[in-house]
Amino acid sequence: MSLTEKGLSLFETVFASLKHRDFRIFWLGQCVSLMGTWMQRTALVWLVYTMTESPFRVGLVGVAQFLPMLFFTLFAGAVVDRFPKRRILIVTQSLLMIQALALALLAFSNSAQYWQLLTLCAFLGVTTTIDMPARLSFFVELVGKKDVMNAVSLNSSIVNLARIIGPAAAGLVMVEFGAAACFFVNALSFLAVIYSLTRIRTKEKRAVTEKRNVLLEVKEGLSYIKNDETLYINAIFLAIVCTFAMNGEVIIPVFAKTVLEMGAGAYTELLSAAGAGSLAGAVTMASLAKKGVRRWMLAVGAAAALSLQLLMALAWNYTLALIFVAMIGFFNLVFLNAGNSIFQIYAPDKYRGRVMSVYSFLTQGSLPVGNFFAGSVMQLLGGWAGYPACGLTAFICLALFLKNKKEIIKGWFRAAKTAAD
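Predicted model, so just to flag it, every value in this text is computed and none were measured. (Residues numbered from 1 in each chain as written. Predicted model: local features only at pLDDT ≥ 70, side-chain atom pairs only at ≥ 80, totals over all residues. Heavy atoms only, no water.)

Participant: Looking at this structure, I do not really get helix 13 (residues 318-346). What am I missing?
Facilitator: Residues spaced three or four apart along an α-helix face the same direction, because each turn holds 3.6 residues. Over its 29 residues, helix 13 extends 42 Å from the first C-alpha to the last, a length consistent with the 42 Å expected when each residue adds 1.5 Å. Looking at where helix 13 begins, the residue whose side-chain oxygen comes 2.9 Å from the main-chain nitrogen of Thr319 is Asn317. (Helix = DSSP H or I, 4+ residues; strand = E, 2+ residues; numbered from the N terminus. Expected span 1.5 Å × (residues − 1). Polar contact = N/O pair within 3.5 Å; in protein donor to acceptor, adjacent residues only side chain to side chain.)

Listed below in structure tokens is the structure:
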């Protein structure tokens, strides 16, 4: 095989799910929208920190955004299983556009108050509670189970490409035009994804018309996960690591200002470094998707990411901090992609919305606890302690909760070795 043929083969492997027309359209719409999303997230955190100069209040922004997911995501999964995913997404994306416009108006008028920003973050959280499980479970309808792992990886790639470009663009825009411009750009970006949803031709699965108790449906979904050994261990990993080790957005602005003693430029560059690492992880996972789900990557991704968070205690140098943050981003993505893929592959269609709502709950709904923890630790000990304290806490919790599951996890590695032989 020639070098050109190998290159084409790799390209087809990495971008396998884009051969599906509807996923390609949806993916392109997401490419535009996510750039705006990360510009807004970057500008909002910096705006709150400059307004309040309080790490604790920055942490509360994450709490306000993700607390609704903590309480309502599991119920959202039952709702998602009842209605066509595309229609749900059109409504949620429209509401998110309205939220961005409200932020833009407040910031532009220079009348923004802290409580108003918290309220709008809570509104975003309520909307995302429905949007996220609907979007994740929509992938299978667009590409089928064969290519869903690749679709998940490509979606992660654009999320993390946006994490690179979005913060950098936000830094430039904030310097020239202020935070309001970032919020307005995000509002416009939602038009791309809404338009893409109107162009999709995939036949929507019939909504569940049978009237059933929502609590019963939630219980059925949780019972299914509990009774499936792989899904249960996957859920434990996600719960612990996502709660304590996914708080970079709260930690980085404080770290940049108090440890590195630098400003918005360093803050956005650190966010971009995390995004670059995650993008590399997403491309790596996309290239491996053809070989099927690899459960052992869940454990490896978690162990590597947590170890690097402990090493951040030594990152008093800007260059070293960039390298460590990028590596954390890489292994966080490997971990999240493995967890997402395990849920996607092992969940039957009947429970897909509810299982993916559990994924949303564990990855996003857990963040209020993590953001509160990280903010409190930094308020007490200083910005240097954010990453190490979160990494150490996650390590201890994993050791306690998985001490009786060691043989099962070792079996994942043995199975991978056997398959390789």
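What follows continues from the structure just given.
Participant: I tried to follow the side chain of Thr243 on my own but got confused; where do I start?
Facilitator: With respect to the helices and strands, Thr243 occurs in helix 9 (residues 229-244). Here Thr243 falls in the buried class, since its relative accessible area comes to 11%. A polar atom in the side chain of Thr243 sits 2.5 Å from the backbone oxygen of Ala239. The contacts of Thr243, once residues within four sequence positions are left out, are Leu238, Ser366, Val369 and Gly370. (Buried < 20%, exposed > 50% of the residue type's maximum accessible area, 1.4 Å probe, protein only. Contact = heavy atoms within 4.5 Å.)

Participant: I tried to follow the pattern of salt bridges on my own but got confused; where do I start?
Facilitator: Side chains that differ in charge, positive against negative, can pair when their charged atoms come close. Throughout the structure, instances matching the rule amount to 2 salt bridges. Of the charged contacts in the structure, one is a salt bridge between Arg21 and Asp22, with a shortest N-O distance of 2.5 Å. Put simply, Arg135 and Asp131 hold a salt bridge, and the shortest N to O gap is 2.9 Å. Taken together, the positions of Arg135 and Asp131, both in helix 5 (residues 114-143) and 4 residues apart, correspond to about one turn of that helix. Residue classification places Arg135 among the buried residues on the basis of a relative accessible area of 16%. Accessibility expressed as a relative area gives 2% for Asp131, which makes it buried. (Salt bridge = Lys/Arg side-chain N within 4 Å of Asp/Glu carboxyl O.)

Participant: Looking at this structure, I do not really get the packing of helix 10 (residues 248-258) against helix 15 (residues 367-381). What am I missing?
Facilitator: The axes of two packed helices give the description: the angle between them and the distance between them. As a packed pair, helix 10 and helix 15 sit with axes 9 Å apart at the nearest point and diverge in direction by 20°. Judged by the inter-axis angle, helix 10 sits roughly parallel to helix 15. The two elements helix 10 and helix 15 cross, and the hand of that crossing is right-handed. Residues Val250, Ile251 and Val254 of helix 10 lie in contact with helix 15, whose contacting residues are Asn371, Ala374, Gly375 and Met378. (Axes fitted to C-alpha atoms, helices over the stretch in contact; angles between N-to-C directions. Parallel < 35°, antiparallel > 145°, perpendicular 65-115°, else oblique. Left-handed = near helix turned anticlockwise from the far one by under 90°.)

Participant: Before we go on, may I ask you to explain the nonpolar core in this structure?
Facilitator: Across soluble globular proteins, you tend to see nonpolar side chains buried next to one another. Residues Phe23, Phe26, Phe237, Phe335 and Phe343 are the most contacted members of the largest nonpolar core, which totals 81 residues. A total of 10 residues in this core trace back to one element, the largest contributor, which is helix 9. Counting 51 residues, the second-largest nonpolar core is a separate cluster that includes Ala104, Cys121, Val173 and Val250. (Core = buried A, V, L, I, M, F, W, Y, C linked by side-chain atoms within 4.5 Å.)

Participant: Even after reading the chapter, I still don't get helix 12 (residues 296-311), so can you show me in this structure?
Facilitator: With 16 residues, helix 12 should cover 22 Å at 1.5 Å per step; its first-to-last C-alpha distance of 23 Å lies within 8% of that length. Within helix 12, burial applies to Met297, Leu298, Ala299, Gly301, Ala302, Ala304, Ala305, Leu306, Leu308 and Gln309.

Participant: What is the right way to read the environment of Pro133 from this model?
Facilitator: Turning to its location among the elements, Pro133 is positioned in helix 5. Through-space distance from the C-alpha of Pro133 to that of Arg354 is 7.9 Å; in sequence the pair is 221 residues apart. Other than its neighbours up to four places away in sequence, Pro133 contacts Ala76, Val80, Thr128, Gly353, Met356, Ser357 and Ser360.

Participant: What is the right way to read the environment of Ala299 from this model?
Facilitator: Residue position: Ala299 is located in helix 12. Judged by relative accessible area, which is 14%, Ala299 ranks as buried. Filtering out sequence-adjacent residues up to four positions away, Ala299 remains in contact with Phe237, Ile409 and Phe413.

Participant: I keep staring at a nonpolar patch on the surface and nothing clicks. Help me out?
Facilitator: The grouping of Leu67, Phe71, Phe72, Phe75 and Leu215 at the surface amounts to a nonpolar patch, some 490 Å² of accessible area in total. Ranked by residue count, the leading element in the nonpolar patch is helix 3 (residues 55-80), at 4 residues. Take Phe71: it is sitting in helix 3. (Patch = residues over 30% accessible without salt bridge, like charges linked within 9 Å, V, L, I, M, F, W, Y side chains within 5 Å. Areas by Shrake-Rupley, 256 points an atom, 1.4 Å probe, with all protein chains shown as cover.)

Shape descriptors only; they carry no functional weight alone.
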